[in-house]
Amino acid sequence: MKKYLILVTVLLASICAGASAKTPDLEQLGRDYFAAFVATQEPDATKQDVENYLAFLTDDVGHQHFPNSPDDSRARGNKARARKGMTHYLGGNSSFEAKLESITTGKDVIVLKYKQRFAGYHQQLKKEVGFASDVIEVLEIENGKVSVIRTYAKSL
């Protein structure tokens, strides 16, 4: 009986601790995520900037980016693949500007709306390119980290 009471006490303490665990401030998480993303796009971006950004993501993060990548599948190692891709293009922009216009939050979701403008040398096209777009990015949050990114951009 004594073991049973100890077990019940531990179980109730665990439930109470979990219930009182601080929920992440999603608006601040969105601002911090956006700042980390912007740092990776700057002309002088470093591998550490990429690592700072990747720290916001789960290992199996899914990233859907219309129209380039319509698949949002989560899979082990997606973060490592993102690291490889981001490192490949690191410092490729000769200029980059982004202005966060709004953040909307809901249950385990953050919606970022921003404008971006960048120019740089495109390695596959072998020429200078420039883009400006309105972007809506929907971030699904799991255990305080970004688990799915859905990026919708419209060229300006």
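Above this note sits the structure.
Attention here is on the structure that accompanies the text.

Each value, and the rule that gives it
- Residues numbered from 1 in each chain as written.
- Predicted model: local features only at pLDDT ≥ 70, side-chain atom pairs only at ≥ 80, totals over all residues.
- Heavy atoms only, no water.
- Core = buried A, V, L, I, M, F, W, Y, C linked by side-chain atoms within 4.5 Å.
- Buried < 20%, exposed > 50% of the residue type's maximum accessible area, 1.4 Å probe, protein only.
- Helix = DSSP H or I, 4+ residues; strand = E, 2+ residues; numbered from the N terminus.
- Expected span 1.5 Å × (residues − 1).
- Arc of directions from axis to C-beta.
- Contact = heavy atoms within 4.5 Å.
- Salt bridge = Lys/Arg side-chain N within 4 Å of Asp/Glu carboxyl O.
- Patch = residues over 30% accessible without salt bridge, like charges linked within 9 Å, V, L, I, M, F, W, Y side chains within 5 Å.
- Areas by Shrake-Rupley, 256 points an atom, 1.4 Å probe, with all protein chains shown as cover.

1. A look at the nonpolar core
Inside soluble globular proteins, nonpolar side chains tend to come together where they are buried. Membership of the largest hydrophobic core comes to 24 residues, with the highest contact counts inside it found for Tyr33, Tyr53, Leu57, Ile110, Leu112, Leu139 and Ile149. Elements that contribute at least two residues to this core include exactly helix H2 (26–41), helix H3 (47–54), strand S1 (57–65), strand S2 (93–106), strand S3 (109–122), strand S4 (127–142) and strand S5 (145–155).

2. Focus: helix H4 (residues 78–89)
Along its 12 residues, H4 runs 17 Å from first to last C-alpha, staying within 8% of the 16 Å computed at 1.5 Å per residue. Where H4 is concerned, the buried positions are Asn78, Lys79 and Met86. Angularly, the buried residues of H4 cover 95 degrees about the axis, an arc narrow enough to put them on a single face. Taken together, the buried residues of H4 touch H2, H3 and S1. Two residues or fewer past H4, Gly91 is found with a positive phi of approximately 75 degrees.

3. A closer look at the pattern of salt bridges
Tallied over the entire structure, the rule returns nine salt bridges. A salt bridge links Arg31 to Glu27; its shortest N-O distance comes to 3.0 Å. Residue Arg31 and its partner Glu27 are both found in helix H2; the two are separated by four residues, about one turn of the helix. Looking at Arg31, the relative accessible area reads 40%, which means it is partly exposed. Among the salt bridges present, the one from Glu101 reaches Lys115, with a minimum N-O distance of 3.9 Å. Within this pair, whereas Glu101 is found in strand S2, its partner Lys115 is found in strand S3, the two being separated by 14 residues in sequence. One network of salt bridges, in which partners are shared, links Asp60, Arg74 and Glu142.

4. Regarding a nonpolar patch on the surface
On the surface, Phe66, Ile136 and Tyr152 cluster together to form a nonpolar patch covering roughly 240 Å² of accessible area. Classification of Phe66 as partly exposed rests on a relative accessible area of 31%.

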